[in-house]
Amino acid sequence: MRTSALFSCIILLLASCVNTQSPQPAYHYQEPDYDKVQLALTTDTLSFPLDEDTFDNLEGMSIRQLHDSTRFSFFDERSCSINEFDYPSRQLVWRMDLQKRFPPNSIRTAYLHTYDSILILTRDTLYHLDSTAKIHHRIAYNTGKEPTIPDITPIHPPVFRDGNIYLNRYAGINSASRDAIRNWRVLWVADLSGNTYQTMQEMPDLYLQHYYVGKLLQYNHCVNDSGRFVFSFYADTVLYESDLKGQTHAWFAKSRYQQKPVLYSRKDNVTHPSEERHKYLISDSYGGVYFDPYQKRYLRIARSGIPEEDFRAKKTERNYRFIILDRQFRIIGESEFPKEVILKQTFFTPNGKIYARIPARNESELAFIRLEYQTRQSASH
């Protein structure tokens, strides 16, 4: 009996070792003050004129300093071009037509980092080239059973560091498989020195406790001024700050309006399209996260679920909010915006201004509205 008990203990220990991945995050709770700072709409708008060959299908947005000039650029999927404007003059200063260099409809997105470092993502390959279209690196994705497709959007731009490029990985996870979620990694990392890639940073334990529909398995990241990655998962109330080397901190980042946990599903219907739409729309959930590099604050997107009766009546519109956290991840505000303000297309200028996209008056421009922090004291005057 003693030998049998000892053997059972050894088996349990081995099993626990097999299931252990990275060390558990260190969780932190700080008392929130949702009314200390608000982010308000101003009457100040900004628009970039588009010529007849450019459309407003904005992807791969970036803003950078070039000598004494500030440059705003974006990839337009319809014209398959990268367009760069001077800010604040709003003049088009550079354009790269990619449809002359790649097969029609082959490019998913593109991103201008510098004139010597431009990323092109096709359906199966990352191209790293310069403004002369000379290709310096080419890395094919794994098109096997587990997709490793990287992605670039305004809410998760690429990160360039030490010869590597860190990209958000498109969340093509089998939501009915615990093993798939356990083995999933959220970052796609290209090693330019060897034209290879790897994936890293696992999903939170929350996703191993219940079955969530695919839209609630999504995630985004930003990078703070300490160089650490900060991840926002759509069903999780915390932000995860990671050095990508095993040290992770989980910071309380819950909306004041979320009164119950994000809704989950049964395994047998979690992948059904109608279940996905229903659970996603009636659930409180989160979106991407930005780090404001000038005010040293985090802006996390949050949204409330719609009432069941609205879902049945096909009233599915909902407003979005920014949860505002300071540099130490303490919540200092939460501000709601009308649905016309597209928070997932927000950018920060070197002079400290914040702009979010709004519908333009016509198709010949990209339009943005300026957001402004207000403290409790200044808001009362």
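So, here's what we can say about the structure. Bear in mind that the values here come from a model prediction, so they are computed numbers and not experimental data. (Residues numbered from 1 in each chain as written. Predicted model: local features only at pLDDT ≥ 70, side-chain atom pairs only at ≥ 80, totals over all residues. Heavy atoms only, no water.)

## A look at the sheet that holds strand S7 (residues 107-114)
Our working definition: Strand pairing is assigned whenever DSSP identifies at least 2 bridges connecting the two strands. Only DSSP runs of H or I covering at least 4 residues are called helices, and only runs of E covering at least 2 are called strands; the numbering of each starts at the N terminus. Fitting a line to C-alpha atoms yields each axis, with helices limited to the stretch in contact; the angle taken between N-to-C directions then spans 0 to 180 degrees.
Ordered by their spatial adjacency, four strands build an open sheet running S7-S8-S9-S10, and the pairing between neighbours is antiparallel. Where the open sheet ends on each side, the last strands, each with one partner, are S7 and strand S10 (135-140). For this sheet, the mean inter-axis angle between neighbouring strands, taken without regard to orientation, is 15°. With six bridges connecting them, S7 and strand S8 (residues 117-122) associate as antiparallel partners. When the bridges of S8 are listed, Thr-114 appears paired with Ser-117.

## Let's talk about the nonpolar core
Worth spelling out the cut-off: For the purposes of this section, nonpolar cores are sets of buried Ala, Val, Leu, Ile, Met, Phe, Trp, Tyr and Cys residues that join through side-chain atoms within 4.5 Å. Relative accessibility under 20% of the residue-type maximum defines a buried residue, over 50% an exposed one, and the middle range a partly exposed one, all with a 1.4 Å probe and only protein chains included. The contact rule is simple, with two residues in contact once any of their heavy atoms fall within 4.5 Å.
Leu-187 and Met-203 are the most contacted members of the largest nonpolar core, which totals 35 residues. Secondary structure elements with two or more residues in this core: strand S14 (185-191), helix H3 (206-209), strand S17 (229-233), strand S18 (238-242) and helix H4 (273-282). Residues contacting Met-203, with those up to four places away along its chain left out, are Ile-173, Ile-181, Trp-184, Val-186, Leu-217, Tyr-219 and Phe-233. Counting 20 residues, the second-largest nonpolar core is a separate cluster that includes Ile-332, Val-341, Phe-348 and Ile-369.

## Points about the packing of aromatic side chains
In plain terms, the rule: Think of it this way: a Phe, Tyr or Trp ring, Trp meaning its six-membered ring, pairs with another when their centres are within 6.5 Å, and the plane angle makes it stacked under 30 degrees, edge-to-face over 60, tilted otherwise. Any Lys NZ or Arg CZ that is within 6 Å of a ring centre and within 35 degrees of that ring's normal is treated as a charge sitting over the ring.
All chains considered together, the criterion is met by 29 aromatic pairs. On the numbers, 5.2 Å between centres and 70° between planes, the contact of Phe-102 with Tyr-127 is edge-to-face. Of this pair, Phe-102 sits in the loop between strand S6 (92-97) and S7 while Tyr-127 sits in strand S9 (residues 125-129), and the two are 25 residues apart along the sequence. Of the two residues examined, Phe-102 and Tyr-127, each falls in the buried class. Relative to Phe-348, the ring of Tyr-290 lies with its centre 5.9 Å away and its plane at 70°, an arrangement referred to as edge-to-face. With Tyr-290 in strand S20 (residues 285-292) and Phe-348 in strand S24 (residues 342-348), this pair connects stretches of sequence that are 58 residues apart. Looking at Tyr-290, the relative accessible area reads 6%, which means it is buried. Put simply, the rings of Tyr-166, Tyr-207, Tyr-212, Tyr-219, Phe-229, Phe-231, Phe-233, Tyr-240 and Tyr-264 touch in pairs and so form one group of aromatic residues. Sitting over the face of the ring of Tyr-211, Arg-178 holds its NZ or CZ atom 4.1 Å from the ring centroid. In this structure, Arg-303 packs its charged tip against the face of Tyr-234, placed 4.9 Å from the ring centre.

Everything listed is a geometric property; what it means functionally is a separate question.
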